[in-house]
Amino acid sequence: MRVIVIICAAMFGVVAHARADHTDCVKLGGDDPWFLMQTNDPYRFAVNHGTFDNHFEGFGSQWARLVVQASTVWNEQTDARPFMYIGDTELFDIPLAKDDCDELGINFSLVRMTAVSGSRGEAFRRCIDLSTGLAHQFLIAISYSNESTIPHPYMNCPGCPPSPGGYDVTQILVHEFGHTLNLAHPVNPPPPQVRVAAAMVPDHPGTLRYRDLYWWDQRCSRLVSGDRHRSGFYVTQTSASTFGTPITSHDGNWSYFSQVAIGKRYINSTWQDWMAVNMVHPATCGAGSDSLSELGLSCIRTPRGITPRAGLWRESPGTARVFYGSSNEAPLYALDAKHWTETIRSSNGFLNTQSSTLSHCTSMTGFFACAATAPVYSGHSIATAYDISNLVSVTAWTNQSRDDTSQDRQVRIAAGFISDSLIPQPDSINGVRSFISPAVACYPGGASGYDCILAYAPDPASLSVTVKRFSLALSSTRYIVNAETGSWNVGAVTSSAIALWYHPSSSRFYIAYRSDEATHPVYVRYSSNGTSWTLLRQTSPPPIPPPVVIDTNVLTGLSVPSYYQTSSVKLMYLK
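All of the points below concern the structure found in this document.

The next thing to look at is the nonpolar core. With 55 residues, the main nonpolar core has Phe45, Trp63, Trp74, Val111, Phe138, Phe177 and Trp216 as its most contacted residues. Secondary structure elements with two or more residues in this core: strand S2 (43-47), helix H2 (60-77), strand S3 (83-88), strand S4 (109-116), strand S5 (121-128), strand S6 (135-145), helix H4 (169-179) and helix H5 (215-225). Tallying contributions element by element places H2 first for this core, with eight residues. Setting aside anything within four residues of it in sequence, one finds phenylalanine 45 in contact with Val67, Val68, Ser71, Phe83, Met84, Tyr85, Ile86, Gly87, Ser109, Val111, Phe138 and Phe177. Formed by 23 residues, the second largest nonpolar core is a distinct cluster that contains Ala447, Ile453, Val465 and Leu535.

Right, dumping it as structure tokens:
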């Protein structure tokens, strides 16, 4: 075994870096990156469940989910090198030298818990290539107690003692995964200058607000880590219970997508599928260059960040729209900085485009007339649907207030369309919050008399997908949301964006999601009423037919056009 001296990039520890202004992107190790940045190759990592069970007996699989949640934050909100969970391992460590890793066949990274440490979380270099000095793998260690053996006060984690003021262990993991992308701690200027707010700040309070990346994290992960070079895929629902073979959305060797989304548009009296992508090399991107005639290729020429959603407001059906979280924030670098939601739209296949910031009414003076407005703030992608019962579009999003209150991540729903950049005053539903991008779908009376269902994940620890049914009612100023009091568990767990739609020929709602299981299989569940959800299974002999797996090794959440008359649905994703 070769012994190589390394410096630990640790949360609440010391990281050596070059002198920099607080707006600069600070790299681990200064100008020379510490970790290999090969964007065509996802970081594959395993979790040592046993080390977590040593301290929190019986919660190994749930702890793995928290680790996956942390890695998914980077997958969904940046376009840097992605992470992929491959399963459990008994390994407690990984060799320092790449030659030793190769000899043992170790081609993955490791996350474990350790009993005592000076830091709550640490990221170490592993499988280091002596010729380049670059680490090909990493080790992340979460400590159970400090050097005095006093347990760390964690919150929102399985088996942890109740600690309302404790540290969010998922956020600590978010921070450590950021180190493996070569990000160091931001340099904070002396008071009274504004201190940087970022997931990579080492002395943050560890609260839920930091699970959403800040502008510094998004900007610097792109500049330091580079762009991911992945392919977009789609799969078509051909019947109520059948999905086709996954197909790459673009042929050739330059399918360097960093984000993908799919939507519908109404052109020349016909409905068309179209996709929006972020390209690593946008100069090669142009409308009509896709080899598949039913999917037009359009580029988002914007700062890349939060996964976009392709949407449509049926009040303007010929205008294709892309909604995305701006990488800019206001107030910049502040603790309460929030992401604006931007839109790009076109009525001619994106030969010409218009862009604007999406806002909503905060109060109304008359029917669809605003008295005051505010931007739509969200750290996640937004969702749209159409309620044919009232002939209005429905827009849902997770509010980003950056406050440790019930309004942070509160799901908001607005019904209707005022202009290309303005929607009516939204409603919240009984304080419902979501820790993933929500989804919405509608069909007249399709959910036991309700017209729409909302899908979200309200629990920050389990991220169990939940649905709530609702209908719209006309008031003097707008349509308001009338939701049922209870909610229904779908039986799915995901930390990514979910796809939700209604299939009219089968009279069912469908949910597709990227599982937090190993290799991230995509599953589909369906329901005829929104309350009881069944895992779609293959037609094979009893006793237990296996579930339908749409695809595996999927890296980001799913995108789907959610409109009631869609009988042939395409799911799109990155892998």
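Read on, since the account is not over.
As a further point, take the pattern of salt bridges. Across all of its chains, the model carries 13 salt bridges by this definition. The shortest N-O distance in the salt bridge between aspartate 420 and arginine 321 comes to 2.8 Å. Residue aspartate 420 is located in the loop between strand S22 (410-415) and strand S23 (422-423), and its partner arginine 321 is located in strand S15 (residues 320-330); the two are separated by 99 residues in the primary sequence. Among the ionic pairs, arginine 469 bridges to glutamate 484, the shortest N-O distance being 3.0 Å. Of this pair, arginine 469 sits in strand S27 (residues 464-474) while glutamate 484 sits in the loop between strand S28 (479-483) and strand S29 (488-493), and the two are 15 residues apart along the sequence. Note on glutamate 484: relative accessible area 8%, which makes it buried. If you follow the salt bridges from partner to partner, you end up with Asp212, Asp408 and Arg409 in one network.

A few words now on H5. It helps to recall that an α-helix has 3.6 residues per turn; residues three or four apart then point in one direction. Burial within H5 is extensive, with eight of its eleven residues counted as buried. Buried within H5 are the following residues: Trp215, Trp216, Asp217, Gln218, Cys220, Ser221, Val224 and Ser225.

Time to look at the state of the cysteines. Put plainly, a disulfide is one covalent bond tying together the sulfur atoms of two cysteines. The full count for this structure, using the stated rule, is four disulfides. The side chain of cysteine 25 participates in a disulfide bridge whose partner is cysteine 220; the two sulfur atoms lie 2.2 Å from each other. Its torsion about the S-S bond being -80°, the disulfide of cysteine 25 and cysteine 220 is classed as left-handed. Here cysteine 220 lies in helix H5 and cysteine 25 lies in the loop between strand S1 (9-10) and S2, a separation of 195 residues in the sequence. Taking relative accessible area as the criterion, cysteine 220 reaches 0% and is therefore assigned buried. One disulfide bridge connects cysteine 442 with cysteine 452, the sulfur atoms lying 2.1 Å from each other. Across the disulfide from cysteine 442 to cysteine 452, rotation about the S-S bond amounts to roughly 105°, and the bridge is consequently right-handed. A residue pair is termed long-range when its members are at least 10 positions apart, and cysteine 442 in strand S25 (residues 439-447) and cysteine 452 in strand S26 (residues 450-456) qualify at ten residues. Residue cysteine 442 is classed as buried on the basis of its relative accessible area, which comes to 3%.

The element H4 is extensively covered by neighbouring structure, given that eleven of its eleven residues are classed as buried. Of all the residues in H4, the buried ones are Val169, Thr170, Gln171, Ile172, Leu173, Val174, His175, Glu176, Phe177, Gly178 and His179.

Among the eight residues that make up S5, eight are buried, leaving the element largely enclosed by the rest of the structure. The sheet contact formed by S5 and S6 spans seven bridges and is antiparallel. Along S6, the bridge assignment pairs arginine 125 with phenylalanine 138. Linkage of S5 to S6, two consecutive antiparallel strands, is achieved through a turn of six residues, within which glycine 133 is found at a positive phi near 80°.

A few words now on the packing of H2 against H4. Following both chains from N to C, one finds H2 and H4 inclined at 50°, their axes separated by 8 Å at the closest point. Overall, the two elements H2 and H4 adopt an arrangement that is oblique. Between H2 and H4 the crossing geometry is right-handed. From H2, Trp63, Leu66, Val67, Gln69, Ala70, Ser71, Val73 and Trp74 reach across to H4, where they touch Val169, Thr170, Leu173, Val174, Phe177 and Gly178. For the contact of H2 with H4, the residue count by class is ten nonpolar, four polar and no charged.

Our focus in this paragraph is the sheet that holds strand S31 (residues 508-514). Within the open sheet, the four strands sit side by side as S30-S31-S32-S33. Their pairing is antiparallel. The open sheet terminates on both sides in strands that have one partner only, identified here as strand S30 (499-503) and strand S33 (534-535).

Calculation rules
The residue numbers shown here count from 1 along each chain, following its written sequence. Local features in this predicted model are restricted to residues of pLDDT 70 or higher, and side-chain atom pairs are both shown and tallied only at a pLDDT of 80 or more, whereas totals for entire chains, interfaces and linings draw on every residue. Heavy atoms throughout the structure, all of them, feed into the side-chain values; hydrogens and water do not. By nonpolar core is meant a set of buried Ala, Val, Leu, Ile, Met, Phe, Trp, Tyr and Cys residues that side-chain atoms within 4.5 Å join together. Categorising residues by exposure relies on relative accessible area from a 1.4 Å probe, with only protein chains included: less than 20% of the type maximum marks a residue as buried, more than 50% marks it as exposed, and the intermediate range marks it as partly exposed. A run of DSSP states H or I qualifies as a helix once it reaches four residues; a run of E qualifies as a strand once it reaches two. Both are numbered from the N-terminal end. Every residue pair with non-hydrogen atoms within 4.5 Å of one another is taken to be in contact. Think of a salt bridge as a Lys or Arg side-chain nitrogen and an Asp or Glu carboxyl oxygen that are within 4 Å of each other. Pairs of cysteine sulfur atoms within 2.5 Å are what we label disulfides. Two strands qualify as a pair provided DSSP detects at least 2 bridges between them. Only the contacting stretch of a helix is used when fitting its axis, a line to C-alpha atoms as for every element, and angles between N-to-C directions run 0 to 180 degrees. Orientation categories follow fixed angle ranges, with anything under 35 degrees roughly parallel, anything over 145 roughly antiparallel, 65 to 115 roughly perpendicular, and all other angles oblique. Two helices cross in a left-handed way if the nearer one is turned anticlockwise from the farther one by less than a right angle. They cross in a right-handed way if the turn is clockwise. Amino acids outside the nonpolar list (Ala, Val, Leu, Ile, Met, Phe, Trp, Tyr, Cys, Pro) and the charged list (Asp, Glu, Lys, Arg) are all regarded as polar, and Gly is one of them.

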